[in-house]
Amino acid sequence: MARMHTRRRGSSGSERPAADEPPEWSDVDEDAIEQRVVELAEQGYDPSQIGLKLRDEGVQGTPVPDVKLATGKKVTEILEDNDAGPELPEDFRNLLEKAVRLHEHVEANGQDHQNKRALQNTQSKIRRLADYYRGDELDEDFTYSYETAKELLE
């Protein structure tokens, strides 16, 4: 698949091995995993960071290679069930943070045409993603601007 804002093709990525059940060496209780996920969310970790922490550190010293295989739910589903989910979807929030940083940089450095273009591309991605999330995670009348992005991130 091609990149969104360049003419280059995408790079091939590694794929997870196909598995229907968690490995035998990772026999952690589902409730313990869910408690750890909620605990990490309360500490301020994003869902992707929670997955990495569970993979690396695990629960009670035992790594959890795949939360969905171990519990039957994704990390975000566990967070929603326990009312600990993030206010904004993680991918949308990351794009907003990037756009705010770029906007502030471009204001300070008006001659930086490369980052002006990067800001335009990022704003385009935000608008496209806002159409996807509008109604569910975002308000129906949401429109992107620098001011609304700053408000949402505070």
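Residues numbered from 1 in each chain as written. Predicted model: local features only at pLDDT ≥ 70, side-chain atom pairs only at ≥ 80, totals over all residues. Heavy atoms only, no water.

On a plain count of helices and strands, the chain comes out with seven helices and zero strands. Its C-alpha atoms give the chain a radius of gyration of 19 Å, more than 25% over the compact-globule value 15 Å for 154 residues. In terms of its C-alpha atoms, the chain occupies a principal-axis envelope of roughly 55 × 35 × 30 Å. Here the chain, with 154 residues, has 32% of them falling under the buried criterion. Residue pairs at least 24 apart in sequence account for 60% of intrachain contacts in the chain once pairs closer than 6 positions are excluded. When the accessible surface of the chain is summed, it comes to about 10900 Å², and 42% of that surface belongs to carbon and sulfur atoms. Looking at charge distribution, the chain has the averaged site of its 21 positive side-chain charges lying 13 Å from that of its 35 negative ones. (Helix = DSSP H or I, 4+ residues; strand = E, 2+ residues; numbered from the N terminus. Rg over C-alpha atoms; globule rule 2.2 N^0.38 Å. Buried < 20%, exposed > 50% of the residue type's maximum accessible area, 1.4 Å probe, protein only. Contact = heavy atoms within 4.5 Å. Areas by Shrake-Rupley, 256 points an atom, 1.4 Å probe, with all protein chains shown as cover. Lys, Arg positive; Asp, Glu negative; His and termini not counted. Charge placed at Lys NZ, Arg CZ, Asp CG, Glu CD.)

Our focus in this paragraph is helix 6 (residues 113-133). If you check helix 6, its first and last C-alpha atoms are 30 Å apart, about what 21 residues at 1.5 Å a residue would give, namely 30 Å. For helix 6, every residue scored as buried is listed here: Leu119, Asn121, Thr122, Gln123, Ile126, Leu129, Ala130 and Tyr133. Of the surrounding secondary structure, the elements contacted by the buried residues of helix 6 are helix 5 (90-108). Immediately beyond the C-terminal end of helix 6, within one or two residues, lies Gly135, with a positive phi of roughly 100 degrees. (Expected span 1.5 Å × (residues − 1).)

Contact pair helix 5 / helix 6: the axes reach a minimum separation of 9 Å and the direction vectors enclose 150 degrees. It follows that helix 5 is roughly antiparallel to helix 6 by the angle criterion. Between helix 5 and helix 6 the crossing geometry is left-handed. In this structure, helix 5 contributes Asp91, Phe92, Leu95, Leu96, Lys98, Ala99, Leu102, His103, His105 and Val106 to the contact, and helix 6 contributes Asn115, Lys116, Ala118, Leu119, Thr122, Lys125, Ile126, Leu129, Ala130 and Tyr133. Across the contact of helix 5 with helix 6, the residue classes break down as 12 nonpolar, four polar and four charged. (Axes fitted to C-alpha atoms, helices over the stretch in contact; angles between N-to-C directions. Parallel < 35°, antiparallel > 145°, perpendicular 65-115°, else oblique. Left-handed = near helix turned anticlockwise from the far one by under 90°. Nonpolar A, V, L, I, M, F, W, Y, C, P; charged D, E, K, R; others polar.)

What follows deals with the side chain of Ser26. Note on placement: Ser26 falls in the segment before helix 1 (30-42). For Ser26, a relative accessible area of 9% gives the class buried. Look past the residues within four positions of Ser26 in its chain and what remains in contact with it is Thr62, Pro63, Val64 and Pro65.

A separate point is the nonpolar core. By size, the foremost hydrophobic cluster in this structure holds 18 residues, and its most contacted members are Phe92, Leu96, Ile126, Leu138, Phe142 and Tyr144. For this core, the secondary-structure elements that each account for two or more residues are helix 5, helix 6 and helix 7 (146-153). With six residues, the top contributor of residues to this core is helix 5. Ignoring any residue separated from it by four or fewer positions in sequence, one finds Tyr144 in contact with Leu96, Ala99, Gln123, Ile126, Arg127 and Ala149. Counting residues in each nonpolar core, the second largest holds 15 residues, with Ile33, Val37, Ile50 and Leu54 among its members. (Core = buried A, V, L, I, M, F, W, Y, C linked by side-chain atoms within 4.5 Å.)

Now for the environment of Asp81. Assignment of secondary structure puts Asp81 in helix 4 (residues 75-81). Polar contacts involving the side chain of Asp81 include one to the side chain of Lys73, which spans 3.1 Å. (Polar contact = N/O pair within 3.5 Å; in protein donor to acceptor, adjacent residues only side chain to side chain.)

Looking now at the environment of Tyr133. Following the sequence through the fold, Tyr133 ends up in helix 6. C-alpha of Tyr133 to C-alpha of Ser11: the two residues are 122 residues apart in sequence and 27 Å apart in space. Leave out the neighbours within four places in its chain, and Tyr133 touches Pro89, Asp91, Phe92 and Leu138.

What is shown is where atoms sit, not what they do.
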